Amino acid sequence: MERTATRDVLEGQPPRLTPEEAERVSRERFGIDGTAEPLGSERDQNFRIAGPAGTFVLKISNADEDPAVLDMENAAMRHIARVDPGLPVPRLVPATTGEEIIRIGDDPQHLVRVITFLPGRRVRAEELSEEALRAFGRTLARLGRALRGFFHPAAGRVLLWDVRHALAMRERLACIADPDRRSLAARAFDRFAERAAPVFDRLRAQPIHGDLTLDNSVFDDRGLVAGVLDFGDMTHTALVADLVSGLEATMDRDDAVEAGAEVVAGYREITPLEDEELELLPVLLGARAAINVTMAAWRVERFPENADYIRAWEGAWPLVELVDRLGPDELGRALSGGGRRHRPTAELLERRDRVLGPGLLPLTYRRPLHLARGEGAWLIDVEGRRYLDCYNNVPVVGHGHPRVADAIARQVRRLNTNVRYLFDEVIELAERLVAMMPPGLDTVSFVNSGSEANDLAWRLMRAASGGQGAIITAFAYHGVTSAMADLSPEEWGEAGEPEHVARIPAPDGFRGRHRREEPGWAERYAEAVDEAVAQLAERGLRPAATYIDAGFTSDGILDPPPIYLQEVLRRTHEAGALYLADEVQAGYGRFGDVFWSFQASGIEPDVVTLGKPMGNGFPVAAVITRREIVERMADLGRYFSTFGGNPVACAASLAVLDVLEEEGLQERARTVGARMRAGLEELAGRHEAIGDVRGRGLMLGVELVRDRATRDPAPELADAVANGLRERGVLVGITGPAADTLKIRPPLVFDLEHAELFLAALDETLGALG
């Protein structure tokens, strides 16, 4: 049941202690001696107490305040400090009796607390830089994320500041004397009634701070939040209401829309917004601003002695006017980064076929996706429908990650050139990559794609080894250049195996020639390297290199024990060839327990190639090897790529490494991947069509079969499942020689909640297909 006592709090008399009385309470009841300085408050009284023991805040609550509400505020501060210690929230200081809340006075009585004082300075909205605005948005989101597991019965109270109750404030419009302004506020409330009120209860909801404005924050010299203050407006309401309160404060500047867009972008770095939240954001923003100005008019009438403090809320009038002038739709597009008109899907399909030609791979899914944007683990089509992306490994830190986008934008404005000139970014990136490699891999060459990286590596290894042949797995994919197409049997078609290529069977322990149930099965697969060397010798060729993608992404996503790659590498070296670890698909923390997939087997490759996720979608790739291998090719001819290692590509790559580390995405891949695998194995217990579940971290394969006993592949079912998931808003791919394995490799921002959505959708899809 909702609590309604808060209405009385807003109408009740605030406490009126003198500084001397505050000092006495602090000294006698909390053992803190110091000088009291009044701080502003709407309905309570706050004093800064500065003395020998430090600086604290004495908080005296309105006599009508519910003790349960103060208990909730205290519990919330403790909860936040526990789950996100980096958030700067006050700590509670108990009274001399050990109580967190005490009572003073007789008639009326007031509840009193002491919290630590958070140093910092107040700022005006116009003082905040773009990065500071984004950081403020991130703080808002972190605060909401920290509170999402919090519960307290008092959060169910009715609070008139809560935008949920905007229509209750509409009843007080008569307090606004100016008829034009009264009409302006009325239109904001009407928009809320029409567009937000009918759907408000289906928005994501939880306890929120409710009033993280510039008045309730202090900042450091960099413009970053150094203190989150005043939990007095906590309530259980729509999560997006926290963002609304933050926007209202930061948009009080000439470039209001641009500033608001930065706050929204920062918020979405931590917490992606759902479509309905984005759509309603301007409506809620207008309603919140209307609440402010209406509340100010009403409260000044009620408490004229506090008019100077209350009239500050009238600063929301420009925002009420802005929302009214632009309209919710235009403002919404601007706050979410703008938008563009999209052509009808059928028309676009026809134009695509006409200008892109038949050589391009066909579109994915029976009903092609017409996409408009991406955000985190989601892709959004032109109709606004969201699709959970469980397939695309290129945006490793999430679609549209603002940190990466900002790095690209800043660098392209500053400098973009080539590696024939000196600039910091390429050196820093090379040094960071080398530091993440085994000893000896000390030299980096930058290119623009995984295909180019593997192509350049082929030239390097042929020069260094003197060999001409390549050893690859049976259904591998290593790129689209002419040389790499020869090493990519997944794409061979009718052309067949080139003379200089020998294939080895991928280590498929489920349906391959050697099964996991057999002792030594992985070692027996590795023996095929010797057979491949012999095949090349029969053609008069010595092997130059063995190419291995340790995720076996095109071979069906396989996860052999470490001995397999250890033996493949040993046998490769015995044949005089070099070993290449193709990390284009499986690298960058995707395995969870290791950053590079080859590390899972405890091997040290001769060459490592990077691509796809390296720039989160920006074209960049690299070859990392030993200096003597590069020197051997240099003796035969130099290599240069106009765009390889350019400053913008390097800035994107550095931002990716930063985000992976700072957001703990490798560890997330491990924990979420473990839940995904366990969930998939649970589904295998209910659905006979699931023959095998394999992979590590967030590189997973689900092989579908017609019959578990015979293990016959079910490619038609795999296609039906992928398309069925697409219709349910979940995207996966298909891989393997028989096209019977679901390929699951989402961006690493993929979280536990996403895992549950995927598992539920797969369960439903398999059930529907019977």
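Rules and cut-offs
Residues numbered from 1 in each chain as written. Predicted model: local features only at pLDDT ≥ 70, side-chain atom pairs only at ≥ 80, totals over all residues. Heavy atoms only, no water. Patch = residues over 30% accessible without salt bridge, like charges linked within 9 Å, V, L, I, M, F, W, Y side chains within 5 Å. Areas by Shrake-Rupley, 256 points an atom, 1.4 Å probe, with all protein chains shown as cover. Salt bridge = Lys/Arg side-chain N within 4 Å of Asp/Glu carboxyl O. Helix = DSSP H or I, 4+ residues; strand = E, 2+ residues; numbered from the N terminus. Buried < 20%, exposed > 50% of the residue type's maximum accessible area, 1.4 Å probe, protein only. Contact = heavy atoms within 4.5 Å. 1 Å grid on protein atoms, 1.4 Å probe; cavity = no way out; pocket = protein on both sides within 12 Å on 5 of 7 lines; lining within 4 Å. Points joined across faces, edges and corners; volume = space filled by probe spheres on them. Nonpolar A, V, L, I, M, F, W, Y, C, P; charged D, E, K, R; others polar. Pairing = 2+ DSSP bridges. Axes fitted to C-alpha atoms, helices over the stretch in contact; angles between N-to-C directions. Parallel < 35°, antiparallel > 145°, perpendicular 65-115°, else oblique. Left-handed = near helix turned anticlockwise from the far one by under 90°. Core = buried A, V, L, I, M, F, W, Y, C linked by side-chain atoms within 4.5 Å.

**Student:** How would you summarise a nonpolar patch on the surface if you had to cite specific residues and measurements?
**Tutor:** Side chains of V355, L356 and L360 sit close together on the surface and give an oily, nonpolar patch of about 290 Å² of accessible area. With respect to the helices and strands, L360 occurs in the loop between α13 (345-356) and β11 (371-375).

**Student:** So what's going on with helix α11 (residues 317-326)? Which residues, and what values?
**Tutor:** Along α11, the residues classified as buried are W317, L319, V320, L322 and V323. Elements in contact with the buried residues of α11: α6 (179-196), α7 (240-250), α8 (256-270), α9 (275-302) and α12 (328-335). G327 sits one or two positions beyond α11 and adopts a positive phi of about 85°.

**Student:** Mind laying out the layout of surface pockets, listing which residues take part and the relevant values?
**Tutor:** Approximately 1,500 Å³ is the volume found for the second largest pocket. L361, P362, T364, Y391 and K743 are, among the 40 residues lining the second largest pocket, the residues nearest its centre. Of all the secondary-structure elements, those providing two or more residues to the lining of the second largest pocket are α24 (715-727) and β25 (733-735). Among the residues forming the lining of the second largest pocket, the class breakdown is 22 nonpolar, 11 polar and 7 charged.

**Student:** Go over the sheet that holds strand β24 (residues 730-731), please, and point to the residues and values.
**Tutor:** The strand order β11-β12-β13-β24 describes an open sheet built from 4 strands, whose pairing is mixed. At either margin of the open sheet sits one strand with a lone partner, and together these are β11 and β24. One ladder, built from 2 bridges, connects strand β13 (residues 386-389) with β24; its direction is parallel. Along β24, the bridge assignment pairs L388 with V730. Helix-sheet contacts for helix α25 (residues 752-769) involve β12 (378-381), β13 and β24, and the interaxial angle to β13 is about 100°.

**Student:** Describe the packing of α6 against α11, naming the residues involved and giving the relevant values.
**Tutor:** α11 packs onto α6 with a crossing angle of 60° between their chain directions and a minimal axis gap of 10 Å. Comparing the axis directions of α6 and α11 gives the class oblique. Read as a crossing pair, α6 and α11 show a hand that is left-handed. Across the interface between the two elements, R181, L184, A185, R187 and R191 from α6 touch W317, V320, E321, V323 and D324 from α11. Across the contact of α6 with α11, the residue classes break down as 5 nonpolar, no polar and 5 charged.

**Student:** Outline empty space enclosed by the protein, listing residues and values.
**Tutor:** According to the stated counting rule, one finds 4 cavities of 30 Å³ or more in the structure shown. Space inside the largest cavity adds up to approximately 80 Å³. Around the largest cavity sit L159, W161, D162, V163, I208, G210, D233, T235, T237, A241 and R288, which together line it. Classifying every residue of the lining of the largest cavity by side-chain character gives 5 nonpolar, 3 polar and 3 charged. Volume-wise, the second largest cavity comes out at about 60 Å³.

**Student:** How would you explain the environment of E661 if you had to name every residue and give the values?
**Tutor:** Tracing the sequence through the fold places E661 in helix α22 (residues 647-662). The class for E661 is exposed, based on a relative accessible area of 62%. For the pair E661 and G589, spaced 72 residues apart in the sequence, the C-alpha separation amounts to 9.8 Å.

**Student:** Requested: an account of the nonpolar core, with residues and values cited.
**Tutor:** By size, the foremost hydrophobic cluster in this structure holds 97 residues, and its most contacted members are F192, L243 and L284. Among residues more than four places away in sequence, those in contact with L243 are L140, V263, V264, Y267, L273 and L281. Membership of the second largest hydrophobic core comes to 94 residues, among which are W378, Y588, W596 and L742.

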